[in-house]
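So the chains spell out like this:
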Amino acid sequence: MKKLFVTYILACLTLAVGAQNMTSSPYSRFAYGDLGDDVPNTYRAMGGVGIGMRSNKAINPLQPASYTACDSVTFMFDLAGSVLWTTYSDATGRRNRANGNLEYLSLQLPLYKRYIAVSAGVMPYSSVGYDFTLNDSIGSNYHYAMTYAGEGGITEVYGGLSFNIMDWFAVGANVYYMFGEVSNYRALTFTESDMHDVAMFSTLNVSSVRTRVGAQLFHTFSNQDAFTLGAVWEPQLPLKGEYAVIETNWGDTTQIGGAAMQVPMQWGVGASYTWQQRLTVAFDYTYQGWGNVQTFTNQTLRSRAIYAIGAEYRHNPYGRNYVERVCWRLGAKLTDPYQQNVNGKEIKVSLGVGFPLRNAGTIFNATVEYGHRGSILKEDYLKLTINAAICENWFFKRKL
């Protein structure tokens with residue numbers, strides 16, 4: 001228990017200070033950067049579904065009502081890390097980048113039998129990380145370089161509580177504390193000495209709270225088939241923080257304050273069906289109202305829709321042959337961009353496998369995701385995520 005607690009604290013610190021290493025995308029310079037998700041690696045392999053998923057083998061922060069799916073004697077702990085390989089291509093050529101970091105950390109345990117459960121964890125809300133230069137000239141007299149660089153991100157720590165109101169209905173809520181710093185820099189520099197350079201440096205410091213509520217209807221049939229229907233909702237709330245801009249123009253320096261900031265209202269629905277504990281299919285739809293929020297730079301954003309579909313198959317969860325108990329997963333996801341400067345939808349396909357330990361509830365999961373976005377500047381990436389979903393019987397009372 002002490003080792004797990006120390007691991008939890010160290011991972012939280014690493015996630016808090018290392019968010020800038022999770023992306024190298026030029027698109028992360030717009031708005032709050034590249035947005036993360038609350039989906040555990042188990043469900044990322046299924047396209048990122050989760051609203052309609054209930055499992056005693058996975059912690060699912062995306063749906064706070066799912067926490068009561070854990071049994072009354074099990075402590076759960078989930079730690080994930082990833083490596084990202086990205087190729088950027090445009091009219092000037094191709095460039096390759098690689099990034100890696102911890103993805104998230106979460107834990108879950110029952111409070112009262114199978115009726116009340118709690119979860120907590122830390123994960124990235126957004127990531128910023130880019131550095132590129134564009135060279136051009138005005139005729140043959142003036143030559144200049146436009147430099148763009150940024151780093152940082154917003155991290156969120158959550159705590160959630162779930163209740164089984166009835167044997168077929170559960171509700172839950174998460175509270176998120178959001179914190180972090182994002183810095184952006186851009187400069188126009190001339191080769192000729194008779195021209196003045198122009199630069200702008202901006203910083204965003206966030207310290208804010210947001211909430212999410214969820215509900216699930218679920219039923220297990222006599223033949224071991226199971227059905228779950230879920231929904232989540234978040235209100236539009238202010239994003240508290242400080243935003244400052246320092247501009248240097250023709251030798252003069254000006255400091256500017258920022259505008260009000262918000263996080264969007266969002267809602268989602270999802271459903272899953274499991275056949276004889278072998279095959280699970282699931283579908284999610286999420287709407288995020290980014291078109292109605294204010295940002296620190298007064299940028300106009302776009303509301304976006306997210307579609308996710310996935311499946312998981314185990315030949316026999318209780319088979320003597322180890323291969324029969326291995327989980328195979330696949331999925332796909334289609335996402336609208338929320339930044340006005342990004343064209344085209346983001347398309348993602350995923351494939352994953354789960355390796356259960358022979359004598360424990362712990363599962364090691366590996367997921368490979370391929371994604372594409374952008375039209376003028378095309379971004380293609382391959383992401384490998386590995387996590388250990390640890391399940392231990394901490395609250396079992398032994399009989400003499």
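These numbers were taken from a predicted model, which means no experiment stands behind them.

Novice: I'm lost on the side chain of S202 in this one. Help?
Specialist: Assignment of secondary structure puts S202 in strand β7 (residues 198-220). A relative accessible area of 3% means that S202 is categorised as buried. Those residues within four positions of S202 in sequence are excluded, and the remaining contacts are V182, S183, N184, Y243, A244 and V245.

Novice: For this particular structure, what's the right way to read the packing of aromatic side chains?
Specialist: Geometry of an aromatic ring pair is reported as the spacing of the ring centres plus the angle between the planes. Scanning all chains against the criterion turns up twelve aromatic pairs. Ring centres 5.2 Å apart and planes at 55 degrees place the aromatic pair Y285 and Y307 in the tilted group. With Y285 in strand β14 (residues 279-288) and Y307 in strand β15 (residues 304-313), this residue pair connects regions lying 22 residues apart in the sequence. Take Y307: its relative accessible area is 36%, and that puts it in the partly exposed class. Of note, R54 hangs over the ring of F218, and the distance from its end group to the ring centre comes to 4.0 Å. If you follow R210 out to its NZ or CZ, it ends over the ring of Y176, 4.0 Å from the centre.

Novice: When you look at the environment of I59 in this model, what are you seeing that I'm missing?
Specialist: Tracing the backbone through its elements, the reader meets I59 in the loop between α2 (41-44) and β2 (74-90). Distance from I59 to T42, taken between C-alpha atoms, is 9.0 Å for residues 17 residues apart in sequence. Non-local contacts of I59, meaning those with residues more than four positions away in its chain, are made with P40, M76, F77, D78, S106, L107, Q108, S119 and Y158.

Novice: Sorry, what's going on with the pairing of β7 here?
Specialist: The side chains of a regular strand alternate between both faces of the sheet. Across 20 bridges, strand β6 (residues 169-190) lies against β7 in antiparallel orientation. Bridging from a neighbouring strand, A170 pairs with Q216 of β7. Bridging between β7 and strand β10 (residues 241-249) involves nine bridges; their strand directions are antiparallel. Its bridge partner lying in β10, V206 is registered against G241. Alignment of β7 against strand β8 (residues 226-234), held across eight bridges, turns out to be antiparallel. What sits directly across from A215, in β8, is A231. Counting the residues between successive antiparallel strands, the hairpin from β7 to β8 contains five residues, one of them, Q224, with a positive phi of roughly 75 degrees.

Rules and cut-offs
- Residues numbered from 1 in each chain as written.
- Predicted model: local features only at pLDDT ≥ 70, side-chain atom pairs only at ≥ 80, totals over all residues.
- Heavy atoms only, no water.
- Helix = DSSP H or I, 4+ residues; strand = E, 2+ residues; numbered from the N terminus.
- Buried < 20%, exposed > 50% of the residue type's maximum accessible area, 1.4 Å probe, protein only.
- Contact = heavy atoms within 4.5 Å.
- Phe/Tyr/Trp six-rings, centres within 6.5 Å; stacked < 30°, edge-to-face > 60°.
- Lys NZ or Arg CZ within 6 Å of the ring centre and 35° of its normal.
- Pairing = 2+ DSSP bridges.

Remember, this is a structural readout, not a statement about activity or role.
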